Amino acid sequence: MTHLIETFTSVLHQSALKPCRLIVAFSGGVDSRVLLELAAQYSKQHDIECLAVHVHHGLSDNADDWANQCKVWCDALSVSLAVERVSLDINSGESIEKLARDARYQAFKQHVRQGDVLVTGQHIDDQLETFLLALKRGSGPKGLSSMARFMPFGEAFIVRPMLSVTRPDIEAAACDMGLTWVEDESNQDLRFDRNFIRHQVTPTLINRWPSFRESVSRSALLCAEQESLLDELIEPHFLKALGGSEIKSQSLSIEVLSEHSVLLRARLLRMWLSYCGQSMPSQKQLKLIWDEVACAQADANPKLVLDNAEVRRFNHQLYLVKETKDLSNWQSDISMGQSLVLPDGLGDLHLNSALSDGVSNNRDVQSFSLSDTSETLRVIFNPEGLSAHPVGRGHSRKLKKLFQEYQVPSWLRRRTPILMEGDRVIAVLGLFVDKNYEGQDCEALWSK
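Residues numbered from 1 in each chain as written. Predicted model: local features only at pLDDT ≥ 70, side-chain atom pairs only at ≥ 80, totals over all residues. Heavy atoms only, no water.

1. Notes on the pairing of strand β10 (residues 317–322)
We count it as follows: Relative accessibility thresholds used throughout: buried, under 20% of the residue-type maximum; exposed, over 50%; partly exposed, between the two (1.4 Å probe, protein chains only). The way it works is that DSSP assigns letters per residue, a run of H or I at least four long becomes a helix, a run of E at least two long becomes a strand, and they are numbered from the N terminus. At least two bridges found by DSSP between two strands is the condition for calling them paired.
Of all six residues making up β10, five are buried, and the element is well covered by its neighbours. Looking at chain direction, strand β7 (residues 251–253) and β10 are connected through three bridges and run antiparallel. Bridging across to β10, Ser 253 finds its partner in Gln 317. Across six bridges, the pairing between strand β9 (residues 309–314) and β10 is antiparallel. Paired with Phe 314 across the bridge in β10 is Gln 317.

2. A look at the UniProt feature "binding site: ATP" (unreviewed entry) in the protein
Where we set the bar: UniProt positions are given in the numbering used here, feature names are shortened, and annotations may be inferred rather than shown by experiment. In this description, contact between two residues means that some pair of their heavy atoms is separated by no more than 4.5 Å.
As annotated in UniProt, the feature "binding site: ATP" (unreviewed entry) corresponds to Ser 27, Gly 28, Gly 29, Val 30, Asp 31 and Ser 32 in the numbering used here. Here Gly 28 shows up in the loop between β1 (21–25) and α2 (30–45). For Gly 28, the contacting residues outside a window of four places in its chain are Arg 33, Cys 70, Trp 73, Trp 181 and Val 182. Its place among the elements puts Asp 31 in helix α2. On the basis of relative accessibility, which here comes to 19%, the residue Asp 31 falls in the buried class. Excluding residues that lie within four positions of it along the chain, Asp 31 makes contacts with Gly 121, His 123, Asp 126, Met 162 and Ile 170.

3. Describing the packing of aromatic side chains
Put simply, the rule is: Each aromatic pair joins two rings of Phe, Tyr and Trp (for Trp, the six-membered one) with centres within 6.5 Å, and gets the label stacked for planes under 30 degrees apart, edge-to-face for over 60, and tilted for any other angle. Geometrically, a charge over a ring is one whose NZ (Lys) or CZ (Arg) sits within 6 Å of the ring centre while staying within 35 degrees of the ring normal.
Inspection of the entire model under this criterion finds ten aromatic pairs. Both rings, one in Tyr 319 and one in Trp 411, keep their centres 5.2 Å apart while their planes meet at 55°; by these two values the pair is tilted. Of this pair, Tyr 319 sits in strand β10 while Trp 411 sits in the loop between α13 (399–405) and β18 (418–421), and the two are 92 residues apart along the sequence. Joined through ring pairs, the aromatic side chains of Tyr 105, Phe 108 and Phe 153 make up one cluster. Directly above the ring of Trp 290 sits Arg 265, whose terminal nitrogen or CZ lies 4.1 Å from the centroid. In this structure, Lys 448 packs its charged tip against the face of Trp 446, placed 4.3 Å from the ring centre.

What follows is the structure, given as C-alpha coordinates:
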(Lines give C-alpha, C1' and ligand atoms only; values in the text may rest on other atoms or scores of the structure.)
Protein backbone atom coordinates (compact mmCIF):
# COMPACT_ATOMS: atom_id res chain seq x y z
CA MET A 1 0.00 0.00 0.00
CA THR A 2 2.83 2.40 0.86
CA HIS A 3 4.44 1.84 -2.53
CA LEU A 4 1.13 2.43 -4.34
CA ILE A 5 0.22 5.62 -2.47
CA GLU A 6 3.72 6.94 -3.22
CA THR A 7 3.19 6.12 -6.90
CA PHE A 8 -0.28 7.69 -6.86
CA THR A 9 1.01 10.88 -5.22
CA SER A 10 4.07 11.07 -7.46
CA VAL A 11 2.03 10.80 -10.66
CA LEU A 12 -0.38 13.54 -9.58
CA HIS A 13 2.50 15.80 -8.60
CA GLN A 14 4.30 15.11 -11.91
CA SER A 15 1.17 16.18 -13.75
CA ALA A 16 1.51 19.64 -12.14
CA LEU A 17 -2.25 19.55 -11.66
CA LYS A 18 -3.80 20.85 -8.47
CA PRO A 19 -7.19 19.12 -8.47
CA CYS A 20 -10.18 20.86 -6.95
CA ARG A 21 -11.77 17.41 -6.65
CA LEU A 22 -10.77 13.82 -7.34
CA ILE A 23 -13.34 11.89 -9.35
CA VAL A 24 -12.80 8.12 -9.15
CA ALA A 25 -13.93 5.85 -11.99
CA PHE A 26 -15.23 3.11 -9.72
CA SER A 27 -16.39 -0.19 -11.22
CA GLY A 28 -15.89 -2.16 -8.00
CA GLY A 29 -13.30 -4.46 -9.61
CA VAL A 30 -9.96 -4.98 -7.91
CA ASP A 31 -8.18 -2.17 -9.81
CA SER A 32 -10.74 0.50 -9.03
CA ARG A 33 -11.18 -0.88 -5.49
CA VAL A 34 -7.51 -0.18 -4.75
CA LEU A 35 -7.77 3.12 -6.65
CA LEU A 36 -10.63 4.22 -4.40
CA GLU A 37 -8.53 3.57 -1.28
CA LEU A 38 -5.61 5.55 -2.74
CA ALA A 39 -7.82 8.45 -3.84
CA ALA A 40 -9.60 8.62 -0.47
CA GLN A 41 -6.28 8.72 1.37
CA TYR A 42 -4.83 11.34 -0.98
CA SER A 43 -7.93 13.55 -0.73
CA LYS A 44 -7.79 13.48 3.08
CA GLN A 45 -4.10 14.34 3.10
CA HIS A 46 -4.64 17.26 0.73
CA ASP A 47 -8.04 18.35 2.03
CA ILE A 48 -9.93 18.05 -1.25
CA GLU A 49 -13.27 16.45 -2.09
CA CYS A 50 -13.39 12.90 -3.45
CA LEU A 51 -16.32 11.60 -5.51
CA ALA A 52 -16.72 8.12 -6.99
CA VAL A 53 -18.77 7.43 -10.12
CA HIS A 54 -20.07 3.91 -10.79
CA VAL A 55 -21.50 3.16 -14.24
CA HIS A 56 -24.33 0.62 -14.24
CA HIS A 57 -24.34 -0.93 -17.74
CA GLY A 58 -27.19 -3.32 -17.02
CA LEU A 59 -25.41 -6.10 -18.93
CA SER A 60 -25.09 -8.49 -15.98
CA ASP A 61 -27.72 -9.96 -13.66
CA ASN A 62 -25.37 -8.91 -10.86
CA ALA A 63 -25.22 -5.23 -11.85
CA ASP A 64 -27.61 -4.05 -9.11
CA ASP A 65 -25.65 -5.96 -6.46
CA TRP A 66 -22.39 -4.41 -7.68
CA ALA A 67 -23.83 -0.90 -7.44
CA ASN A 68 -25.09 -1.58 -3.90
CA GLN A 69 -21.74 -3.01 -2.83
CA CYS A 70 -19.91 0.01 -4.25
CA LYS A 71 -22.15 2.21 -2.11
CA VAL A 72 -21.16 0.25 1.01
CA TRP A 73 -17.44 0.64 0.27
CA CYS A 74 -17.75 4.35 -0.48
CA ASP A 75 -19.76 4.98 2.69
CA ALA A 76 -17.03 3.26 4.73
CA LEU A 77 -14.51 5.76 3.35
CA SER A 78 -16.86 8.77 3.56
CA VAL A 79 -16.68 9.13 -0.23
CA SER A 80 -19.79 10.28 -2.12
CA LEU A 81 -20.96 7.87 -4.82
CA ALA A 82 -22.90 8.65 -7.98
CA VAL A 83 -24.42 5.69 -9.85
CA GLU A 84 -25.01 6.34 -13.53
CA ARG A 85 -27.28 3.93 -15.38
CA VAL A 86 -26.59 3.68 -19.11
CA SER A 87 -28.28 1.84 -21.95
CA LEU A 88 -26.24 0.29 -24.77
CA ASP A 89 -27.50 -0.15 -28.32
CA ILE A 90 -26.17 -3.66 -28.80
CA ASN A 91 -27.68 -3.80 -32.33
CA SER A 92 -25.67 -0.80 -33.57
CA GLY A 93 -22.94 -2.93 -35.12
CA GLU A 94 -20.28 -1.67 -32.70
CA SER A 95 -18.58 -4.05 -30.27
CA ILE A 96 -20.04 -4.20 -26.78
CA GLU A 97 -16.58 -3.32 -25.45
CA LYS A 98 -16.54 -0.03 -27.37
CA LEU A 99 -20.15 0.78 -26.57
CA ALA A 100 -19.56 0.22 -22.86
CA ARG A 101 -16.34 2.26 -22.86
CA ASP A 102 -17.95 5.19 -24.69
CA ALA A 103 -20.94 5.08 -22.34
CA ARG A 104 -18.67 5.10 -19.30
CA TYR A 105 -16.74 8.17 -20.35
CA GLN A 106 -19.93 9.94 -21.36
CA ALA A 107 -21.28 9.22 -17.88
CA PHE A 108 -18.08 10.51 -16.25
CA LYS A 109 -18.46 13.77 -18.18
CA GLN A 110 -21.70 14.43 -16.33
CA HIS A 111 -19.77 14.70 -13.06
CA VAL A 112 -16.49 16.46 -13.90
CA ARG A 113 -16.10 20.20 -13.97
CA GLN A 114 -13.28 22.64 -14.48
CA GLY A 115 -10.37 21.94 -12.15
CA ASP A 116 -11.33 18.31 -11.44
CA VAL A 117 -9.12 15.29 -12.04
CA LEU A 118 -10.74 12.01 -13.09
CA VAL A 119 -8.55 9.11 -11.92
CA THR A 120 -8.91 5.71 -13.56
CA GLY A 121 -7.44 2.36 -12.57
CA GLN A 122 -5.70 1.23 -15.76
CA HIS A 123 -2.32 -0.39 -15.16
CA ILE A 124 0.64 -1.59 -17.22
CA ASP A 125 -1.09 -4.87 -18.16
CA ASP A 126 -4.02 -2.86 -19.54
CA GLN A 127 -1.49 -0.79 -21.50
CA LEU A 128 0.00 -3.98 -22.97
CA GLU A 129 -3.46 -5.20 -24.00
CA THR A 130 -4.32 -1.83 -25.54
CA PHE A 131 -1.06 -1.83 -27.52
CA LEU A 132 -1.64 -5.35 -28.85
CA LEU A 133 -5.23 -4.51 -29.80
CA ALA A 134 -3.97 -1.47 -31.73
CA LEU A 135 -1.34 -3.65 -33.40
CA LYS A 136 -4.04 -6.16 -34.35
CA ARG A 137 -6.05 -3.35 -36.00
CA GLY A 138 -3.00 -2.18 -37.96
CA SER A 139 -2.85 1.17 -36.17
CA GLY A 140 -0.12 3.72 -36.75
CA PRO A 141 1.94 5.56 -34.11
CA LYS A 142 -1.09 7.38 -32.72
CA GLY A 143 -2.97 4.16 -31.99
CA LEU A 144 0.17 2.47 -30.71
CA SER A 145 0.65 5.35 -28.27
CA SER A 146 -2.11 3.55 -26.35
CA MET A 147 -3.17 5.24 -23.11
CA ALA A 148 -1.66 8.52 -21.94
CA ARG A 149 -0.80 8.99 -18.28
CA PHE A 150 -2.38 12.49 -18.39
CA MET A 151 -4.85 13.85 -20.91
CA PRO A 152 -7.48 16.62 -21.14
CA PHE A 153 -11.09 15.61 -20.51
CA GLY A 154 -13.39 18.50 -21.32
CA GLU A 155 -12.45 21.24 -18.87
CA ALA A 156 -10.88 18.66 -16.54
CA PHE A 157 -8.14 16.04 -16.87
CA ILE A 158 -7.84 12.26 -16.80
CA VAL A 159 -4.93 10.87 -14.81
CA ARG A 160 -3.99 7.18 -14.79
CA PRO A 161 -1.80 6.97 -11.69
CA MET A 162 -1.26 3.18 -11.78
CA LEU A 163 -0.11 2.90 -15.38
CA SER A 164 3.35 1.70 -14.28
CA VAL A 165 1.96 -0.89 -11.82
CA THR A 166 1.29 -4.53 -12.75
CA ARG A 167 -2.00 -6.33 -12.23
CA PRO A 168 -0.40 -8.87 -9.83
CA ASP A 169 1.00 -6.01 -7.70
CA ILE A 170 -2.45 -4.42 -7.46
CA GLU A 171 -4.06 -7.73 -6.51
CA ALA A 172 -1.36 -8.34 -3.89
CA ALA A 173 -1.92 -4.87 -2.42
CA ALA A 174 -5.66 -5.48 -2.27
CA CYS A 175 -5.11 -8.75 -0.37
CA ASP A 176 -2.63 -7.09 2.01
CA MET A 177 -5.23 -4.44 2.84
CA GLY A 178 -7.92 -7.06 3.33
CA LEU A 179 -10.07 -5.62 0.55
CA THR A 180 -12.86 -7.42 -1.25
CA TRP A 181 -14.08 -6.57 -4.74
CA VAL A 182 -16.60 -7.62 -7.37
CA GLU A 183 -15.75 -10.06 -10.12
CA ASP A 184 -17.36 -9.35 -13.50
CA GLU A 185 -18.06 -12.73 -15.06
CA SER A 186 -17.69 -11.24 -18.54
CA ASN A 187 -13.95 -10.79 -17.87
CA GLN A 188 -13.56 -14.54 -18.47
CA ASP A 189 -15.39 -14.50 -21.82
CA LEU A 190 -12.77 -15.16 -24.50
CA ARG A 191 -15.09 -13.92 -27.24
CA PHE A 192 -13.96 -10.43 -26.25
CA ASP A 193 -10.60 -9.57 -27.81
CA ARG A 194 -9.18 -7.96 -24.69
CA ASN A 195 -10.02 -11.03 -22.59
CA PHE A 196 -8.44 -13.32 -25.19
CA ILE A 197 -5.23 -11.30 -25.05
CA ARG A 198 -5.34 -11.17 -21.23
CA HIS A 199 -5.82 -14.89 -20.68
CA GLN A 200 -4.27 -16.53 -23.75
CA VAL A 201 -1.59 -14.20 -25.13
CA THR A 202 -0.09 -12.08 -22.33
CA PRO A 203 0.86 -14.98 -19.99
CA THR A 204 2.84 -16.64 -22.79
CA LEU A 205 4.65 -13.40 -23.66
CA ILE A 206 5.47 -12.58 -20.02
CA ASN A 207 6.65 -16.13 -19.38
CA ARG A 208 9.02 -15.91 -22.35
CA TRP A 209 10.09 -12.28 -21.81
CA PRO A 210 9.46 -11.15 -18.20
CA SER A 211 10.15 -7.48 -19.06
CA PHE A 212 7.76 -7.49 -22.03
CA ARG A 213 5.25 -5.21 -20.26
CA GLU A 214 7.89 -2.55 -19.68
CA SER A 215 9.18 -2.84 -23.28
CA VAL A 216 5.70 -2.31 -24.70
CA SER A 217 5.10 0.60 -22.32
CA ARG A 218 8.34 2.19 -23.52
CA SER A 219 7.35 1.70 -27.19
CA ALA A 220 3.95 3.26 -26.52
CA LEU A 221 5.64 6.25 -24.89
CA LEU A 222 8.04 6.65 -27.84
CA CYS A 223 5.11 6.56 -30.26
CA ALA A 224 3.35 9.23 -28.20
CA GLU A 225 6.46 11.42 -28.23
CA GLN A 226 6.77 11.10 -32.02
CA GLU A 227 3.12 12.03 -32.40
CA SER A 228 3.61 15.11 -30.24
CA LEU A 229 6.66 16.14 -32.25
CA LEU A 230 4.79 15.74 -35.54
CA ASP A 231 1.89 17.82 -34.24
CA GLU A 232 4.31 20.53 -33.13
CA LEU A 233 5.99 20.66 -36.55
CA ILE A 234 2.73 20.57 -38.51
CA GLU A 235 0.78 23.01 -36.35
CA PRO A 236 1.59 26.11 -38.51
CA HIS A 237 0.12 24.35 -41.57
CA PHE A 238 -2.91 23.28 -39.55
CA LEU A 239 -3.58 26.79 -38.25
CA LYS A 240 -3.30 28.17 -41.78
CA ALA A 241 -5.84 25.62 -43.04
CA LEU A 242 -8.21 26.54 -40.19
CA GLY A 243 -8.17 30.25 -41.00
CA GLY A 244 -10.93 32.19 -42.68
CA SER A 245 -13.96 30.38 -41.30
CA GLU A 246 -16.96 32.65 -40.70
CA ILE A 247 -19.14 29.86 -39.26
CA LYS A 248 -18.68 28.95 -35.60
CA SER A 249 -17.88 25.31 -36.29
CA GLN A 250 -14.25 25.33 -37.42
CA SER A 251 -13.78 24.56 -41.10
CA LEU A 252 -10.73 23.50 -43.07
CA SER A 253 -9.56 25.20 -46.26
CA ILE A 254 -9.57 22.85 -49.26
CA GLU A 255 -7.24 25.24 -51.09
CA VAL A 256 -4.63 25.01 -48.33
CA LEU A 257 -5.00 21.24 -48.14
CA SER A 258 -4.42 20.95 -51.89
CA GLU A 259 -1.00 22.61 -51.51
CA HIS A 260 0.35 19.63 -49.57
CA SER A 261 1.38 16.06 -50.28
CA VAL A 262 -1.04 13.20 -49.81
CA LEU A 263 0.66 12.21 -46.54
CA LEU A 264 0.64 15.69 -45.02
CA ARG A 265 -2.92 16.30 -46.19
CA ALA A 266 -4.08 13.10 -44.47
CA ARG A 267 -2.30 14.18 -41.30
CA LEU A 268 -3.99 17.59 -41.38
CA LEU A 269 -7.39 15.95 -41.82
CA ARG A 270 -6.73 13.72 -38.81
CA MET A 271 -5.65 16.73 -36.74
CA TRP A 272 -8.81 18.57 -37.77
CA LEU A 273 -11.12 15.70 -36.86
CA SER A 274 -9.36 15.30 -33.51
CA TYR A 275 -9.63 19.07 -32.96
CA CYS A 276 -13.38 18.76 -33.56
CA GLY A 277 -13.66 15.92 -31.03
CA GLN A 278 -14.24 13.23 -33.65
CA SER A 279 -12.86 9.69 -33.42
CA MET A 280 -10.06 8.85 -35.82
CA PRO A 281 -11.09 7.75 -39.34
CA SER A 282 -9.63 4.84 -41.28
CA GLN A 283 -7.28 5.39 -44.23
CA LYS A 284 -10.19 4.53 -46.54
CA GLN A 285 -12.38 7.19 -44.92
CA LEU A 286 -9.61 9.80 -45.20
CA LYS A 287 -9.32 9.07 -48.91
CA LEU A 288 -13.10 9.37 -49.33
CA ILE A 289 -13.11 12.73 -47.53
CA TRP A 290 -10.67 14.11 -50.08
CA ASP A 291 -11.83 12.31 -53.25
CA GLU A 292 -15.60 12.39 -52.79
CA VAL A 293 -16.19 15.46 -50.62
CA ALA A 294 -13.36 17.96 -51.12
CA CYS A 295 -12.88 17.16 -54.82
CA ALA A 296 -16.52 16.60 -55.80
CA GLN A 297 -17.96 18.55 -58.73
CA ALA A 298 -18.56 22.25 -58.09
CA ASP A 299 -22.38 21.93 -58.24
CA ALA A 300 -22.52 18.88 -55.95
CA ASN A 301 -23.59 18.82 -52.31
CA PRO A 302 -21.32 16.01 -51.07
CA LYS A 303 -21.17 14.50 -47.62
CA LEU A 304 -19.49 11.59 -45.85
CA VAL A 305 -20.98 10.11 -42.68
CA LEU A 306 -18.54 9.49 -39.80
CA ASP A 307 -20.16 8.04 -36.68
CA ASN A 308 -22.69 10.69 -35.56
CA ALA A 309 -21.36 13.47 -37.80
CA GLU A 310 -21.00 14.37 -41.47
CA VAL A 311 -18.09 15.86 -43.37
CA ARG A 312 -19.57 18.50 -45.69
CA ARG A 313 -18.21 21.01 -48.22
CA PHE A 314 -19.19 24.64 -48.67
CA ASN A 315 -17.36 27.55 -50.29
CA HIS A 316 -14.13 25.58 -50.70
CA GLN A 317 -14.12 24.65 -47.02
CA LEU A 318 -14.65 21.32 -45.24
CA TYR A 319 -17.04 21.28 -42.26
CA LEU A 320 -17.77 18.67 -39.64
CA VAL A 321 -21.51 18.81 -39.04
CA LYS A 322 -22.89 17.03 -35.98
CA GLU A 323 -26.01 14.91 -36.40
CA THR A 324 -29.11 17.07 -35.95
CA LYS A 325 -32.88 16.64 -35.94
CA ASP A 326 -35.05 17.32 -38.99
CA LEU A 327 -36.98 20.49 -38.11
CA SER A 328 -38.97 20.75 -41.34
CA ASN A 329 -42.30 20.10 -39.61
CA TRP A 330 -41.62 22.12 -36.45
CA GLN A 331 -43.58 25.32 -35.88
CA SER A 332 -44.77 27.38 -32.93
CA ASP A 333 -46.81 30.51 -32.29
CA ILE A 334 -45.30 33.57 -30.64
CA SER A 335 -46.65 37.00 -29.74
CA MET A 336 -45.04 40.35 -29.04
CA GLY A 337 -43.36 40.41 -25.63
CA GLN A 338 -43.04 36.63 -25.49
CA SER A 339 -40.04 34.28 -25.61
CA LEU A 340 -39.86 30.97 -27.44
CA VAL A 341 -37.38 28.15 -26.82
CA LEU A 342 -36.25 26.87 -30.21
CA PRO A 343 -35.78 23.13 -30.79
CA ASP A 344 -32.59 21.07 -30.91
CA GLY A 345 -30.43 23.49 -28.94
CA LEU A 346 -30.87 26.43 -31.32
CA GLY A 347 -31.38 28.91 -28.49
CA ASP A 348 -34.41 31.09 -27.91
CA LEU A 349 -36.30 33.88 -29.67
CA HIS A 350 -37.77 36.95 -27.99
CA LEU A 351 -40.05 39.54 -29.60
CA ASN A 352 -39.92 43.09 -28.21
CA SER A 353 -41.91 46.18 -29.03
CA ALA A 354 -38.97 48.34 -27.85
CA LEU A 355 -35.49 48.18 -29.34
CA SER A 356 -32.49 46.88 -27.37
CA ASP A 357 -28.89 48.09 -27.48
CA GLY A 358 -27.94 46.07 -30.54
CA VAL A 359 -26.18 42.82 -31.33
CA SER A 360 -23.84 40.92 -29.04
CA ASN A 361 -21.58 38.00 -29.85
CA ASN A 362 -24.23 35.38 -29.23
CA ARG A 363 -27.40 36.91 -30.63
CA ASP A 364 -28.93 38.32 -33.82
CA VAL A 365 -31.44 41.18 -33.83
CA GLN A 366 -33.80 42.12 -36.64
CA SER A 367 -35.84 45.34 -36.41
CA PHE A 368 -39.23 45.39 -38.16
CA SER A 369 -42.70 46.93 -38.06
CA LEU A 370 -46.17 45.40 -37.72
CA SER A 371 -49.52 47.00 -38.51
CA ASP A 372 -51.05 45.09 -35.59
CA THR A 373 -48.65 44.25 -32.74
CA SER A 374 -51.30 42.17 -30.97
CA GLU A 375 -51.37 39.59 -33.75
CA THR A 376 -50.02 36.10 -33.13
CA LEU A 377 -47.01 35.28 -35.30
CA ARG A 378 -45.46 31.96 -36.16
CA VAL A 379 -41.91 30.52 -36.28
CA ILE A 380 -41.06 27.78 -38.76
CA PHE A 381 -37.90 26.22 -40.24
CA ASN A 382 -39.11 24.94 -43.61
CA PRO A 383 -38.38 27.46 -46.42
CA GLU A 384 -39.98 25.32 -49.14
CA GLY A 385 -42.28 27.30 -51.41
CA LEU A 386 -41.69 30.61 -49.60
CA SER A 387 -40.52 33.88 -51.14
CA ALA A 388 -39.33 37.15 -49.62
CA HIS A 389 -38.15 40.61 -50.66
CA PRO A 390 -35.21 41.54 -48.38
CA VAL A 391 -34.82 45.22 -47.48
CA GLY A 392 -32.35 46.78 -49.88
CA ARG A 393 -32.94 44.21 -52.63
CA GLY A 394 -34.55 45.01 -55.97
CA HIS A 395 -37.15 42.25 -56.06
CA SER A 396 -38.63 39.20 -54.41
CA ARG A 397 -36.96 35.79 -54.64
CA LYS A 398 -37.51 32.25 -53.42
CA LEU A 399 -35.95 31.59 -50.01
CA LYS A 400 -33.95 28.77 -51.57
CA LYS A 401 -32.19 31.30 -53.83
CA LEU A 402 -31.83 33.83 -51.02
CA PHE A 403 -30.11 31.27 -48.79
CA GLN A 404 -27.63 30.70 -51.60
CA GLU A 405 -27.05 34.42 -52.05
CA TYR A 406 -26.58 34.93 -48.32
CA GLN A 407 -24.01 32.10 -48.30
CA VAL A 408 -25.94 29.84 -45.92
CA PRO A 409 -24.63 26.25 -46.04
CA SER A 410 -27.19 23.66 -47.13
CA TRP A 411 -27.24 21.94 -43.73
CA LEU A 412 -28.19 25.20 -41.95
CA ARG A 413 -31.04 26.18 -44.28
CA ARG A 414 -33.63 24.23 -42.28
CA ARG A 415 -32.07 25.23 -38.96
CA THR A 416 -32.58 28.98 -39.45
CA PRO A 417 -35.78 30.39 -37.85
CA ILE A 418 -38.29 32.05 -40.18
CA LEU A 419 -40.72 34.53 -38.59
CA MET A 420 -44.12 34.47 -40.31
CA GLU A 421 -47.33 36.54 -40.33
CA GLY A 422 -49.89 34.19 -41.80
CA ASP A 423 -48.30 32.94 -45.01
CA ARG A 424 -45.97 35.95 -45.39
CA VAL A 425 -42.31 36.05 -44.36
CA ILE A 426 -41.50 38.82 -41.87
CA ALA A 427 -37.85 37.95 -41.42
CA VAL A 428 -35.31 35.17 -41.70
CA LEU A 429 -33.49 35.42 -38.38
CA GLY A 430 -29.85 36.37 -38.67
CA LEU A 431 -30.21 37.27 -42.36
CA PHE A 432 -32.82 39.85 -43.37
CA VAL A 433 -36.24 41.50 -42.89
CA ASP A 434 -38.81 41.53 -45.68
CA LYS A 435 -39.40 44.95 -47.30
CA ASN A 436 -43.09 44.87 -46.39
CA TYR A 437 -42.12 44.86 -42.70
CA GLU A 438 -39.32 47.43 -42.85
CA GLY A 439 -39.27 49.64 -39.75
CA GLN A 440 -38.01 50.15 -36.23
CA ASP A 441 -41.13 49.51 -34.12
CA CYS A 442 -40.34 45.94 -33.07
CA GLU A 443 -37.42 43.57 -32.85
CA ALA A 444 -36.78 39.85 -32.96
CA LEU A 445 -33.86 38.83 -30.78
CA TRP A 446 -32.40 35.38 -31.43
CA SER A 447 -30.11 34.32 -28.58
CA LYS A 448 -27.99 31.31 -29.50
